[in-house]
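# Summary of the model geometry
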Amino acid sequence: MSVRAKKHLGQHFLTDERIAADIADALTHNGYQRVLEIGPGMGVLTKYLLRKPFTTHVIEIDQESVAYLEAQYLNLHGRIIPGDFLKIDLPAFFGDEPLAIVGNFPYNISSQIVFKVLENRQQVPELTGMFQKEVAQRIAEKEGSKKYGILSVLTQAFYEVSYLFTVPPSVFRPPPKVDSGVIRMVRKNTRLPVSEPLFFKVVKTAFNQRRKTLRNSLKPMNLSDSLREDTIFAKRPEQLSVQAFIELTSKIANDVF
Ligand code: SAH
């Protein structure tokens, strides 16, 4: 018995067990006793997670995979949740105990997975897993690079990100068109020293027109002329570190007309 790969669900099954083992081994085990695997498919990674000293829960949208897992993984201590990770209410399902997120993720919803984790960061001390390489790099990238953008800044404001290793298409069935990359995000225990909604707004507005200087791209925020004279406004968003975005947000919060 095996599961027929469905393209619209982003199904690319990992065939190299060493990579599954490496992803399971990359989890830090720091500050949580349970993990939620997104998209277990036929359970190649699940098998290695089950050898670890934490409880493994899985969420899988594909009915055929769920049936397969129910037949194969009766020793799963956690739950097999049939459904869509993007729709699940994490606190309602899991209470407020910490929960790490892990997976060889469905690539068609990569950024949405990261944004959902950011929204639920109170509960999620870590995310470790595989994305298409381009997205993994965007999450991990530092300022000064073309790939540095909203996803990089918002993620790194709350998580310490490490790019771990690259995985070629040949180890999946069917092979994807692109390389994949495994990353680890570990939550920082500091709070943002500025208003979070304002920080999100500044970052998004700045990168909306990433080729323009901040003086131009932040016009919709109606800042005072004196603030806009500050030298930081002559820069483009990709030149600003996460720390510089925080400082910029603080200046904007204190702007007086
Ligand atoms: N972990 C498996 C499968 C990876 S493919 C392996 O490494 O072989 C991605 C998996 O995510 C598929 O099984 C797909 O059905 C599942 N999936 C896709 N969208 C999902 C969603 N929104 N919520 C939960 N699972 C999803």
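If you're wondering where the values come from, they're calculated on a predicted model, not measured in any experiment.

## Observations regarding the site of the ligand
- By nearness alone, 21 residues border the ligand, and Gln11, Gly39, Glu60, Asp84 and Asn104 come closest of all.
- Between the ligand and Ile61, the relevant distance is 3.4 Å, taken from a nitrogen atom to a main-chain nitrogen or oxygen of the residue.
- Between the ligand and Asn104, the relevant distance is 2.7 Å, taken from an oxygen atom to a side-chain nitrogen or oxygen of the residue.
- Look at the ligand: alone it shows 570 Å² of surface, and the protein chains cover 98% of it.
- Those elements that place two or more of their residues in the shell around the ligand are strand S1 (13–14) and strand S3 (55–60).
- Along the lines of polarity and charge, the residues of the shell around the ligand split into 10 nonpolar, 7 polar and 4 charged.

## So, helix H7 (residues 150–158)
- For H7, the buried fraction is high: 8 of the 9 residues fall into the buried class.
- Turning to H7, the residues buried within the fold contact helix H5 (110–119), helix H6 (133–140), strand S7 (159–167), strand S9 (180–187), helix H8 (196–208) and helix H11 (242–253).

## A few points about the domain arrangement of the protein
- Looking at the protein, the domain boundaries give domain 1 (7–187) and domain 2 (196–256).
- Placing the centre of domain 1 and that of domain 2 at their C-alpha centroids yields a distance of 32 Å.
- The interface of domain 1 with domain 2 comprises 13 residues on the first partner and 14 residues on the second.
- Where domain 1 packs against domain 2, one counts 1 salt bridge.
- For Glu196, the salt bridge is made with Arg121, and the minimal N-O distance between the two is 2.2 Å.

## Comments concerning the sheet that holds S7
- Pairing is mixed in the open sheet, where 7 strands are placed in the order S4-S3-S2-S5-S6-S9-S7. Bordering the open sheet on either side are strand S4 (80–82) and S7, each of which pairs with just one other strand. For this sheet, the mean inter-axis angle between neighbouring strands, taken without regard to orientation, is 20°.
- As judged from the 4 bridges shared by strand S5 (residues 100–104) and strand S6 (residues 126–132), these two strands associate in the parallel manner. Bridging across to S6, Ile101 finds its partner in Leu127.
- H6 rests against S6, S7 and S9 of the sheet, and its axis sits at about 140° to S6.

## Notes on unusual backbone geometry
- Looking along the chain, the bond that leaves Arg173 and enters Pro174 is cis, with omega of -10°.
- Along the polypeptide, Pro174 turns up in the loop between strand S8 (172–173) and S9.
- Phi angles above zero are rare outside glycine, and Asn222 is one such case at about 50°.
- Summarising the element assignment, Asn222 is placed in the loop between helix H9 (214–217) and helix H10 (225–228).
- The exposure class of Asn222 is exposed, given its relative accessible area of 59%.

## Description of the side chain of Asn104
- Relative to the helices and strands, Asn104 is located in strand S5.
- At a separation of 3.5 Å, a polar atom in the side chain of Asn104 contacts the main-chain carbonyl oxygen of His12.
- When neighbours within four sequence positions are excluded, Asn104 is seen to be in contact with His12, Leu14, Ile38, Gly39, Leu45, Met130 and Phe172.

Analysis parameters
- Residues numbered from 1 in each chain as written.
- Predicted model: local features only at pLDDT ≥ 70, side-chain atom pairs only at ≥ 80, totals over all residues.
- Heavy atoms only, no water.
- Near = heavy atom within 4 Å.
- Polar contact = N/O pair within 3.5 Å; in protein donor to acceptor, adjacent residues only side chain to side chain.
- Areas by Shrake-Rupley, 256 points an atom, 1.4 Å probe, with all protein chains shown as cover.
- Helix = DSSP H or I, 4+ residues; strand = E, 2+ residues; numbered from the N terminus.
- Nonpolar A, V, L, I, M, F, W, Y, C, P; charged D, E, K, R; others polar.
- Buried < 20%, exposed > 50% of the residue type's maximum accessible area, 1.4 Å probe, protein only.
- Contact = heavy atoms within 4.5 Å.
- Domains from an automatic or database assignment.
- Salt bridge = Lys/Arg side-chain N within 4 Å of Asp/Glu carboxyl O.
- Pairing = 2+ DSSP bridges.
- Axes fitted to C-alpha atoms, helices over the stretch in contact; angles between N-to-C directions.

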